[in-house]
Amino acid sequence: MAEKAHFTTEQELATLLQADFPPPAERRCAWVLTGSGHFLRESLDIALALPAVDLFLSRAAEEILPMYGWPLGQLRQALGANGRLLRETNYSSAPVGLLYRGRYHTVVLAPATSNTVAKCVVGLSDTLATNMVAQAGKCRIPCIVFACDTEPVVVTDAPGGRVVLYPRRIDLENSERLRGFEATTVVANPAELAAALRARIREWEGACSASSS
Ligand SMILES: Cc1cc2nc3c(=O)[nH]c(=O)nc-3n(C[C@H](O)[C@H](O)[C@H](O)COP(=O)(O)O)c2cc1C
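If you're wondering where the values come from, they're calculated on a predicted model, not measured in any experiment.

Participant: If you had to explain the pairing of strand β1 (residues 28-33) to someone new, which residues and values would you point to?
Facilitator: Two faces, one strand: in a regular strand the side chains alternate between the faces of the sheet. Buried residues dominate β1, accounting for five of its six residues. Taken together, β1, helix α2 (residues 40-48) and strand β2 (residues 53-57) constitute a β-α-β crossover, and its handedness is right-handed.

Printed below as a string of structure tokens:
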């Protein structure tokens, strides 16, 4: 398990949860990483190109990131001063409180495991990742999901090399059902993810300048 030192501490989180709402123009993306290796590196490249982003890691994400060339210390460094690394430490998913404090304009779940997508689809919120999606919905914060099971055949990066996988009908159906959720965009590849994110940021910036003029 990763060194605790790389993560936002409970005390820092408590301070943030009591802070005033930031001005709308200072809101950022909350990016949730799950234990999916499929397009993990490509998703991280897009996340880390943002000027400010907070990464929320499922327990499985913490485990697999080093297998894909991202030890937690390196990820912390790549985020720099403009990003936070939040981990799943407790049952109640305390970091989701940041959604209630106006810190984020968008929640991105990328890449999303079959497991987390399945839980989201039936409305479960018993992990940090599923809670972020559920609470984003309840706060009417738009969500972009890069589901790893959207095609009948996928070629994916495993730690030992590339493998071909055949998502099951249930996995494909779950990704499809998520498309019907309120304020949720499901994407199927890194190009679609980047495009959906660009569109959402444009929309948010437009709303910010309209409200300030
Ligand atoms: C190296 C590695 C790669 C994995 N890649 C995937 C993947 O691409 N898609 C997936 O659904 N699960 C993948 N898994 C399995 C998930 O990590 C596992 O189902 C985990 O329980 C998901 O937890 P989470 O949804 O809370 O992150 C992978 C596991 C390992 C060890």
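Alright, that's what it looks like, and here's the rest.
Participant: Account for the site of the ligand, with residues named and values stated.
Facilitator: Around the ligand sit 19 residues, and of these Thr 34, Gly 35, Gly 37, His 38 and Ser 58 come closest. Of all the elements in the fold, those that place two or more residues in the shell around the ligand are α3 (59-64) and α6 (114-121).

Participant: Now, about the packing of α6 against helix α8 (residues 169-179): what can you tell me, with residues and values included?
Facilitator: It is the contact of α6 with α8, at a shortest axis distance of 9 Å, that shows an interaxial angle of 50 degrees. Accordingly, the angle class assigned to the pair α6 and α8 is oblique. Judged by the twist between their axes, the crossing of α6 over α8 is left-handed. Facing Ser 114, Val 117, Ala 118, Cys 120 and Val 121 of α6, the residues of α8 in contact are Asp 171, Asn 174, Ser 175, Arg 177 and Leu 178.

Participant: Describe the sheet that holds β2, naming the residues involved and giving the relevant values.
Facilitator: If you trace the six strands from one edge of the open sheet to the other, you get β3-β2-β1-β4-β5-β8, paired in parallel fashion. Whereas interior strands pair on both sides, the edge strands pair on one side only; in this sheet they are β3 (83-87) and β8 (184-187). With strand direction ignored, the average angle separating the axes of adjacent strands in the sheet is 20 degrees. Judged from the five bridges that link them, β1 and β2 form a sheet pairing that is parallel. Paired with Val 32 across the two strands is Phe 56, which belongs to β2.

Participant: Let's hear about unusual backbone geometry: which residues, and what values?
Facilitator: Omega for the peptide link from Ala 110 to Pro 111 comes to -10 degrees, which places this bond in the cis form. Examined against the element boundaries, Pro 111 turns out to sit in strand β4 (residues 104-112). Backbone geometry places Ser 93, a non-glycine residue, at a positive phi of 55 degrees. Along the chain, the position of Ser 93 falls in the loop between β3 and α5 (97-100). Located in the positive-phi region is Ala 183, a residue other than glycine, with phi close to 50 degrees. With respect to the helices and strands, the residue Ala 183 is situated in the loop between α8 and β8.

What counts, and where the lines are drawn
Residues numbered from 1 in each chain as written. Predicted model: local features only at pLDDT ≥ 70, side-chain atom pairs only at ≥ 80, totals over all residues. Buried ≥ 20, exposed ≤ 12 C-beta atoms within 10 Å, placed from the backbone. Helix = DSSP H or I, 4+ residues; strand = E, 2+ residues; numbered from the N terminus. Right-handed = clockwise from strand over helix to strand, strands pointing away. Near = placed C-beta within 6 Å. Axes fitted to C-alpha atoms, helices over the stretch in contact; angles between N-to-C directions. Parallel < 35°, antiparallel > 145°, perpendicular 65-115°, else oblique. Left-handed = near helix turned anticlockwise from the far one by under 90°. Contact = placed C-beta atoms within 7 Å. Pairing = 2+ DSSP bridges.

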